[in-house]
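Fold and contact review
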Amino acid sequence: MKRPLDPFPGDDASAFALENVADGVFAVDRDFIIRYFNLAAGEIARVAPADAVGRTCREVLGVTNCRSVCVLRQCMEEARPIANRIVTLKRAGCPNVPVCVSVAPIWATGGMVIGGVQVFRDLSGGGFVSRLAGLQPLDDFGTCDPHLSEIVRMLPQIAQSDSTVLLLGESGTGKEVFARAIHKLSQRSTGPFVAVNCGALPEQLMESELFGYKSGAFTDARRDKPGRFALADSGTLLLDEIGDLPYAMQAKILRALQERSYEPLGGVETLPADVRVIAATNRDLGRMVAEGSFRQDLYYRLNVVVIRIPPLRERPGDVPLLVERVLGRCRMAVAKNISSVSPEAMEKLMAHNYPGNIRELENIIEYAAILCQEQVIEPCHLPEHLRGESGGCGVRTGRTMAEVRFLAAREAVERHGGNRNAACRELEISKDTLRRILGRRDADA
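What comes next is a walk through the structure. (Residues numbered from 1 in each chain as written. Predicted model: local features only at pLDDT ≥ 70, side-chain atom pairs only at ≥ 80, totals over all residues. Heavy atoms only, no water.)

1. Section: the overall build of the chain
Along the backbone of the chain there are 20 helices and 15 strands. Carbon and sulfur atoms make up 50% of the accessible area of the chain, which amounts to about 22400 Å² in all. (Helix = DSSP H or I, 4+ residues; strand = E, 2+ residues; numbered from the N terminus. Areas by Shrake-Rupley, 256 points an atom, 1.4 Å probe, with all protein chains shown as cover.)

2. Considerations on the nonpolar core
Counting 32 residues, the largest nonpolar core has Leu-210, Phe-211, Phe-229, Leu-237, Leu-239, Ile-253 and Phe-294 as its most contacted members. Within the residue set of this core, elements represented by two or more residues are β7 (165-168), β8 (193-197), α9 (203-211), β9 (236-240), α11 (247-259), β12 (276-281), α12 (285-291) and α13 (296-302). In terms of residues, this core owes the most to one element, α11, which gives 5 residues. Counting 28 residues, the second largest nonpolar core, distinct from the first, contains Val-28, Val-47, Leu-72 and Cys-75. (Core = buried A, V, L, I, M, F, W, Y, C linked by side-chain atoms within 4.5 Å. Buried < 20%, exposed > 50% of the residue type's maximum accessible area, 1.4 Å probe, protein only.)

3. Topic: the sheet that holds β12
Read from one edge to the other, the open sheet built from 5 strands follows the order β8-β9-β12-β7-β13, with strand pairing classed as parallel. The two strands at the open ends of the sheet, each matched to only one other strand, are β8 and β13 (305-308). For this sheet, the mean inter-axis angle between neighbouring strands, taken without regard to orientation, is 20°. As defined by bridge partners, β7 adjoins β13 across 4 bridges and the pair is classed as parallel. For Val-165, the partnering residue across the bridge sits in β13 and is Val-305. Those strands touched by helix α7 (residues 146-160) are β7, β12 and β13, and its axis lies near 150° from that of β13. (Pairing = 2+ DSSP bridges. Axes fitted to C-alpha atoms, helices over the stretch in contact; angles between N-to-C directions. Contact = heavy atoms within 4.5 Å.)

4. Comments concerning unusual backbone geometry
Residue Ala-79 is not a glycine yet carries a positive backbone phi of 55°. If you trace the backbone, Ala-79 turns up in the loop between α5 (71-78) and β4 (82-90). With a relative accessible area of 31%, Ala-79 lands in the partly exposed category. Notably, Arg-260 is not glycine yet its phi reads approximately 55°, a positive angle. Note on placement: Arg-260 falls in the loop between α11 and β10 (261-262). Judged by relative accessible area, which is 35%, Arg-260 ranks as partly exposed.

5. Some remarks on the packing of α9 against α11
Packed helix pairs are specified by the crossing angle of their axes together with the interaxial distance, meaning the distance between the axes. Put simply, α9 and α11 touch, their axes get as near as 11 Å, and they point 15° apart. In terms of orientation, α9 lies roughly parallel with respect to α11. In this structure, α9 meets α11 at a crossing whose hand is right-handed. The segment α9 lies against α11, with Met-206, Glu-207, Leu-210 and Phe-211 engaging Met-249, Lys-252, Ile-253 and Ala-256. Split by residue class, the contact of α9 with α11 holds 6 nonpolar, no polar and 2 charged. (Parallel < 35°, antiparallel > 145°, perpendicular 65-115°, else oblique. Left-handed = near helix turned anticlockwise from the far one by under 90°. Nonpolar A, V, L, I, M, F, W, Y, C, P; charged D, E, K, R; others polar.)

6. Regarding the packing of aromatic side chains
Here the structure, examined in full by the defined rule, presents 6 aromatic pairs. When the centroid spacing of 6.0 Å and the interplanar angle of 65° are considered together, the rings of Phe-26 and Phe-120 count as edge-to-face. You can see Phe-26 sitting in strand β1 (residues 24-29) and its partner Phe-120 sitting in strand β6 (residues 113-122), a full 94 residues away along the chain. Taken as a pair, Phe-26 and Phe-120 share a single burial class, namely buried. Here the aromatic residues Phe-26, Phe-37 and Phe-120 are joined through ring pairs into a cluster of three or more. (Phe/Tyr/Trp six-rings, centres within 6.5 Å; stacked < 30°, edge-to-face > 60°.)

7. Quick notes on the pattern of salt bridges
Two side chains of opposite charge can pair, provided their charged atoms sit close to one another. Counted according to the given criterion, the structure contains 15 salt bridges. In this structure, Glu-170 and Arg-313 form a salt bridge, with 2.4 Å as the shortest nitrogen-oxygen distance. Within this pair, whereas Glu-170 is found in the loop between β7 and α8 (175-185), its partner Arg-313 is found in the loop between β13 and α14 (319-333), the two being separated by 143 residues in sequence. A residue is classified by how much of its surface remains accessible, and Glu-170, at 26% relative accessible area, is partly exposed. A relative accessible area of 40% places Arg-313 in the partly exposed class. (Salt bridge = Lys/Arg side-chain N within 4 Å of Asp/Glu carboxyl O.)

8. Digging into the pairing of strand β2 (residues 34-37)
Bridge count for β1 against β2 is 3 bridges, and the pairing is antiparallel. Paired with Val-28 across the two strands is Ile-34, which belongs to β2.

9. Quick notes on helix α16 (residues 357-371)
Its 15 residues place the ends of α16 22 Å apart at the C-alpha level, agreeing with the 21 Å of an ideal helix rising 1.5 Å per residue. Counting buried residues along α16, 11 of its 15 residues qualify, which places the element largely inside the surrounding structure. The complete set of buried residues in α16 reads Asn-357, Ile-358, Glu-360, Leu-361, Ile-364, Ile-365, Tyr-367, Ala-368, Ala-369, Ile-370 and Leu-371. (Expected span 1.5 Å × (residues − 1).)

10. Brief notes about the side chain of Thr-281
Among the structural elements, Thr-281 can be located in strand β12. Only 3.0 Å separates the side chain of Thr-281 from the backbone nitrogen of Arg-283, close enough to count as a polar contact. Setting aside its immediate chain neighbours within four residues, Thr-281 contacts Leu-167, Leu-168, Gly-169, Lys-175, Glu-241, Ile-242 and Gly-243. (Polar contact = N/O pair within 3.5 Å; in protein donor to acceptor, adjacent residues only side chain to side chain.)

The structure is reproduced here in structure tokens:
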């Protein structure tokens, strides 16, 4: 509920020339009534600035355990600024979001604290698929590459069609991410999205996994079981690594695509396949057709809409954008307020050729975030094959991920005077996980 506002020093907009900054900024008086709320704060909190002014910050920006963790209250009571506190922002009708908060008191001419100003930054990093489904600007997708940007621009039109899509790209380029985005943008978005890795299923189980089976089809088949086509009914089915599909199964997949129907193993009734199929592979299907290991008719049936996703080494300009997004997720995963990557570390990240593509980059940043004890990731925090001759930051080189996790867990326990519950809260892991990390290393010793 909005309240009438008395004159407040600093109500003049010129005192808050902050409309174009990326961080959320708002100011309150002694009664915690919001007197200023910038555009970025509105975007993060999902509330219009005009609707926020005149209401209490608790009404607009509900924070988990608001009364006990109110940084603004502490700031005004102690008359001092407080920096880099991480809290969880509650948003009506939207997912909660972690934010990094810094606050400072507002002083009157006579030296009395009359309010406070808070700056907060979204630490969630944003999700590729959710942003894509919301049709956000292209610079939110972690790419400045013209080819990939053009693909993203065309995705809404591709999604509206029910045609088969073939995603081509090396392992780790994000083919499943694109498949999920197409599903979310399509008219089938309310239906299920089912992904199956054709290379991970044993050949003898492939048919029953894809098409299901009827009771009595084979030994131990005591009841009917639906396959992936049935589970994806009215939705989207991703056939990942379709280049690994056994030759005998390719004819059955072809029939399901052409006739839009299939027969469960051991069944006599043909069932409709109301499914939009997306196929993905890191193999050269054209060459496989020439070699006779992939059916030509299935290849041309899949080759309706083809999306080639470029590897990360061909778009090094995307590395800083992707690093920022991955770092946003890592901040919460390791419970640290890591703000950025140093220019020297970024130079090494951009020079790497990433044979594992985005998946490799994610692992590198996660590794660095675990080692980093400061606010900036330096070259010494990177894996050994990347940091080269650059120093050690006091960190021994050549550690495995298990060693890094052990050291991080042990240091957290030590910081809290042996209180494992407090260490678990800091690391955001369960007591069983902490016990397993520390116990496994002790057992190996």
